[in-house]
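Read off the chains here:
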Amino acid sequence: MPDDACNSAASGETYDAVVIGAGPSGSLAALLLARAGHRVLQVERQRFPRAKVCGCCLNQRAQQLLDRAGLLQGLRSLRACPTDRLSLHSSGRRLSISMPGGLAISRRAMDQWLAETAAAAGVQFVDDCPAEVLPEDCDSEVAAQHQLPAVRRIRLDSSAGSRVISAKVVLVCDGLGHPSVASLPGFRSDPRADARIGLGAVLTTAESANWLASGEILMVAATGGYCGAVRTEDGSVNLAAAVDAAAIQSAGGPRQCLQQIFRDSGVPVPQELETVSLRGTVPLTRRSLRISGPRLLLLGDAAGYVEPFTGEGMAWGLTAATLAAPLASSGIRAGWTTALERQYERQLRSAVVSEQTVCRTLSWILSRPRVLQLTVAAAALLPAVAGMLVRRVNRIPISLESSR
Ligand SMILES: Cc1cc2nc3c(=O)[nH]c(=O)nc-3n(C[C@H](O)[C@H](O)[C@H](O)COP(=O)(O)OP(=O)(O)OC[C@H]3O[C@@H](n4cnc5c(N)ncnc54)[C@H](O)[C@@H]3O)c2cc1C
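In this report, we go over the structure that sits alongside the text.

The rules behind these values
- Residues numbered from 1 in each chain as written.
- Predicted model: local features only at pLDDT ≥ 70, side-chain atom pairs only at ≥ 80, totals over all residues.
- Heavy atoms only, no water.
- Phe/Tyr/Trp six-rings, centres within 6.5 Å; stacked < 30°, edge-to-face > 60°.
- Helix = DSSP H or I, 4+ residues; strand = E, 2+ residues; numbered from the N terminus.
- Buried < 20%, exposed > 50% of the residue type's maximum accessible area, 1.4 Å probe, protein only.
- Lys NZ or Arg CZ within 6 Å of the ring centre and 35° of its normal.
- Expected span 1.5 Å × (residues − 1).
- Contact = heavy atoms within 4.5 Å.
- Axes fitted to C-alpha atoms, helices over the stretch in contact; angles between N-to-C directions.
- Parallel < 35°, antiparallel > 145°, perpendicular 65-115°, else oblique.
- Left-handed = near helix turned anticlockwise from the far one by under 90°.
- Nonpolar A, V, L, I, M, F, W, Y, C, P; charged D, E, K, R; others polar.
- Pairing = 2+ DSSP bridges.

**So, the packing of aromatic side chains**
- Inspection of every chain in the model, using the stated rule, returns 2 aromatic pairs.
- With 5.6 Å between their ring centres and 65° between their planes, Phe48 and Phe125 make a pair best called edge-to-face. On the criterion of sequence distance, the pair formed by Phe48 in the loop between β2 (40-43) and β3 (57-58) and Phe125 in strand β6 (residues 124-126) is long-range, its members being 77 residues apart.
- The exposure class of Phe48 is buried, given its relative accessible area of 9%.
- The positively charged end of Arg39 is found above the aromatic ring belonging to Tyr15, 4.4 Å away from the centroid.

Listed below in structure tokens is the structure:
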């Protein structure tokens, strides 16, 4: 995209919907709204294609949701690597859990494809252009005294300057901490005190390419955190970790912390980890007080996040997009009501909350080495229980199944 790409969204212009962020939740929501005949602008802070700290594992639920949207063929064309098992290593012990039907795909390729698919459906896509939703009187604590505005205003910033556009509905899909609405009353998203930090790297040397078995998701877990490794479509190995800030400090830095986690788990440290460049995230575990507001819905990581051990984040984001798009569409056509906000909150909570509880429990186990050792030993004896947990997080939510 050219530097002045934001100019293509003219100042003062009104869209049916503005979608902020081009991760999986934003692009699927934008695509579904465009298919419903709406005029949609999607704005993305970073220049695309871009990498992102992520385990890159697309579970069966995520694939089913893409299939529902008629995107399975396109996904297949990306030549994602099939995955069929998780090898969990901790304190020298190894547990292998069968997880058939998974795919590993770099976020650079996946997010670019989904954004291009949305653009082909009519979405106007602008990257390298941070957006901020501007406050309205109706956002205040005495909102009842104020009328719902006819549109929401959004400020777009680019190297060419700032401009303000409007939309009947804004879908906030901007990831952890939802920066584009963080300054609106009630939308602050504070990380939990014990929140871990995400770290990611891509290993590309020949040594790294032979380091993982085909179809395997390798997970190493130790006191300071855990790290997953998987081979993606271009043969490189994607590393993604969630680590304690204190562990980074005591190890002497993020690289040393990752190396320590490999050593403590009993897995040889990949040589390339010595030199590869690392990416980091803001603190991960967050709860959002509000996930909707006047003419606003929050989707995906923007709506709150728990640690990514079970690799479900993309499926949650796609679930949110599948639920939000028809509600946003009805708000655009028939007018926005607070009932739409309540409906979205109810549906989203019932679709993802029980899975987030499973995730939180696993994260709790992973942060306690003794409990983790016992769990690994117990799961080795009771593989059916481990298999049940995996099936549970792979399942499409009942509320979506029935709406097919
Ligand atoms: C260590 C780790 C491992 C993980 N492993 C997995 C896994 O294996 N499988 C899985 O399914 N999930 C995994 N996840 C979770 C997954 O990455 C997220 O849940 C998923 O990316 C959420 O998608 P999203 O569309 O909500 O947000 P994102 O993918 O975060 O996309 C948000 C987009 O919004 C843009 N943006 C931000 N601010 C603005 C702004 N002001 N204006 C415009 N654009 C903005 C960002 O640049 C970004 O492109 C992992 C996460 C971590 C940290």
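**Section: helix α7 (residues 254-265)**
- Taking 1.5 Å per residue as the helical rise, α7 with its 12 residues ought to reach 16 Å, and the 17 Å between its terminal C-alpha atoms agrees with that figure.
- All buried positions along α7 are accounted for by Cys257, Leu258, Gln259, Ile261, Phe262 and Ser265.
- In this fold, the buried residues of α7 make contact with β4 (81-90), β10 (197-203), β11 (216-222), β12 (225-231), β13 (237-243) and α6 (245-251).
- Backbone geometry just after α7 places Gly266 at a positive phi near 95°.

**Comments concerning the packing of helix α2 (residues 60-68) against helix α8 (residues 313-334)**
- Packing of α2 against α8 leaves a shortest axis separation of 8 Å and a crossing angle of 30°. Taken as axis vectors, α2 and α8 run roughly parallel relative to one another. Helix-helix and strand crossings are classified by hand; for α2 and α8 the assignment is left-handed. For the pair α2 and α8, the contacting residues are Arg61, Ala62, Leu65, Leu66 and Arg68 in the first and Ala315, Trp316, Leu318, Thr319 and Thr322 in the second.
- Looking at side-chain class alone, the contact of α2 with α8 contains 6 nonpolar, 2 polar and 2 charged residues.

**Some points on the sheet that holds β4**
- Strand order in the open sheet formed by 8 strands is β3-β5-β4-β11-β12-β13-β10-β14, with mixed pairing between adjacent strands. At either margin of the open sheet sits one strand with a lone partner, and together these are β3 and β14 (279-283).
- As judged from the 7 bridges shared by β10 and β13, these two strands associate in the antiparallel manner. If you follow Gly200 over to β13, its bridge partner there is Ala240.

**Let's talk about the environment of Ala115**
- Note on placement: Ala115 falls in helix α4 (residues 107-120).
- Along the chain, Ala115 and Phe125 lie 10 residues apart, while their C-alpha atoms are 7.7 Å from each other.
- If we skip the residues at most four places from it in the chain, Ala115 touches Ser27, Phe48 and Phe125.

**Considerations on the pairing of strand β9 (residues 161-172)**
- Of the strand pairs in this sheet, strand β1 (residues 14-20) and β9 are connected by 6 bridges, and their pairing is parallel. The residue bridging Ile20 from the neighbouring strand is Val172, located in β9.
- Sheet topology places strand β8 (residues 152-158) next to β9; 7 bridges connect them, and they run antiparallel. Across the sheet, Ile154 pairs through a bridge with Ile165, a residue of β9.
- Between β8 and the antiparallel strand that follows it, β9, lie 2 residues.
- In terms of strand pairing, β9 meets strand β17 (residues 296-298) through 3 bridges, oriented parallel. Within β17, the residue paired with Val172 across the bridge is Leu298.

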